[in-house]
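Spelled out, the chains give:
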Amino acid sequence: MKKAIYILLLLLFLGLVSCKSSSKVMAKQTYFEQEEVVYTKDEKCSPQMQTASFFDMTPEIEEKTISMANLHQELISTALEHVGAKYKYGGTGQHGFDCSGFVHTIFKMFDIALPRSSHEMAEHGTKIKDSEIQEGDLVFFITNGGKRINHVGIVVEVLDDEIKFIHSSTQRGVIVSSTKEPYYKKNYVKAARVLN
């Protein structure tokens, strides 16, 4: 009889240890995914939590890794959702964007920190040749006749002899433009890569 009680207590103890260790795995996984899920000490151990293991989490972690591989496309998709937003000097959101505010905000949505001004962004990225430009790279312009970069856009499509980019223009707000347009062809300065 005593042996049966010891075995029962041992099984209960192992069940609690299993619950605690799997809770830690779940907490690590949700931290990795940056979800706002918090497990408290007061939560009761459910059968699901008892049987959870790292291998149960693997598909979700792999899915997150795959989406990181598609970062360029996700970033461009997010930027394109803002086409039509108004131009606002100094703007970074709800009421409109200026050019660098738009780029800064889109990259910030993906936890990528960029400087706030277009000329600082131009120094921050790695300069690339025009023949190396890819989607997600930044293109820079001098549009005020000065010597310092004052305009920036995000490359959304690369064709044989044309680069399409999304930006916030003073006249039309967030639009997609082309380096074939005479105004942007004339004022284009360089491209830089901030995504690796």
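Note: the structure precedes this text.
Bear in mind that the values here come from a model prediction, so they are computed numbers and not experimental data.

## With respect to the overall build of the protein chain
Argument step 1. From N to C terminus, the protein chain includes seven helices and eight strands.
Argument step 2. Across the 196 residues that make up the protein chain, the buried fraction comes to 37%.
Argument step 3. As displayed, the protein chain offers around 13100 Å² of accessible surface, 56% of which is attributable to carbon and sulfur atoms.

## Focus on unusual backbone geometry
Argument step 1. Look at Asp111: it is not a glycine, yet its phi comes out positive at around 60°.
Argument step 2. Along the chain, Asp111 turns up in the loop between α5 (99-108) and α6 (118-124).
Argument step 3. By relative accessible area, which is 60% here, Asp111 ends up exposed.

## Some remarks on the environment of Leu114
Argument step 1. The topology assignment puts Leu114 in the loop between α5 and α6.
Argument step 2. Sequence spacing of Leu114 and Ser100 is 14 residues, and the spatial spacing of their C-alpha atoms is 9.5 Å.
Argument step 3. Excluding anything up to four places from it in sequence, Leu114 contacts Val103, His104, Phe107, Met121, His124, Leu138 and Val194.

## Thoughts on a nonpolar patch on the surface
Argument step 1. Taken together, the side chains of Leu80, Val83 and Val176 present a nonpolar region at the surface, about 210 Å² in accessible area.
Argument step 2. Structurally, Leu80 is set in helix α4 (residues 71-80).
Argument step 3. Looking at Leu80, the relative accessible area reads 37%, which means it is partly exposed.

## Observations regarding α4
Argument step 1. For α4, the set of buried residues is Leu71, Leu75, Ile76, Thr78 and Ala79. The buried residues of α4 occupy an angular sector of 160° when projected down its axis, which confines them to one face.

## Overview of α5
Argument step 1. In terms of burial, α5 is largely enclosed, as nine of its 10 residues are buried.
Argument step 2. Restricting attention to buried positions, one finds in α5 the residues Cys99, Ser100, Gly101, Phe102, Val103, His104, Thr105, Ile106 and Phe107.

## Observations regarding the sheet that holds strand β4 (residues 138-141)
Argument step 1. Across the sheet, which stays open at both edges, the six strands sit in the order β3-β8-β4-β5-β6-β7 with antiparallel pairing between neighbours. Pairing within the sheet leaves two strands with one partner each, and these edge strands are β3 (126-128) and β7 (173-178). In this sheet, adjacent strand axes meet at a mean angle of 35° when their direction is disregarded.
Argument step 2. Across the face of the sheet, α5 comes into contact with β4, β5 (151-158), β6 (163-169) and β7 while running at roughly 55° to β5.

Here is what the cut-offs are and how they apply
- Residues numbered from 1 in each chain as written.
- Predicted model: local features only at pLDDT ≥ 70, side-chain atom pairs only at ≥ 80, totals over all residues.
- Heavy atoms only, no water.
- Helix = DSSP H or I, 4+ residues; strand = E, 2+ residues; numbered from the N terminus.
- Buried < 20%, exposed > 50% of the residue type's maximum accessible area, 1.4 Å probe, protein only.
- Areas by Shrake-Rupley, 256 points an atom, 1.4 Å probe, with all protein chains shown as cover.
- Contact = heavy atoms within 4.5 Å.
- Patch = residues over 30% accessible without salt bridge, like charges linked within 9 Å, V, L, I, M, F, W, Y side chains within 5 Å.
- Salt bridge = Lys/Arg side-chain N within 4 Å of Asp/Glu carboxyl O.
- Arc of directions from axis to C-beta.
- Pairing = 2+ DSSP bridges.
- Axes fitted to C-alpha atoms, helices over the stretch in contact; angles between N-to-C directions.

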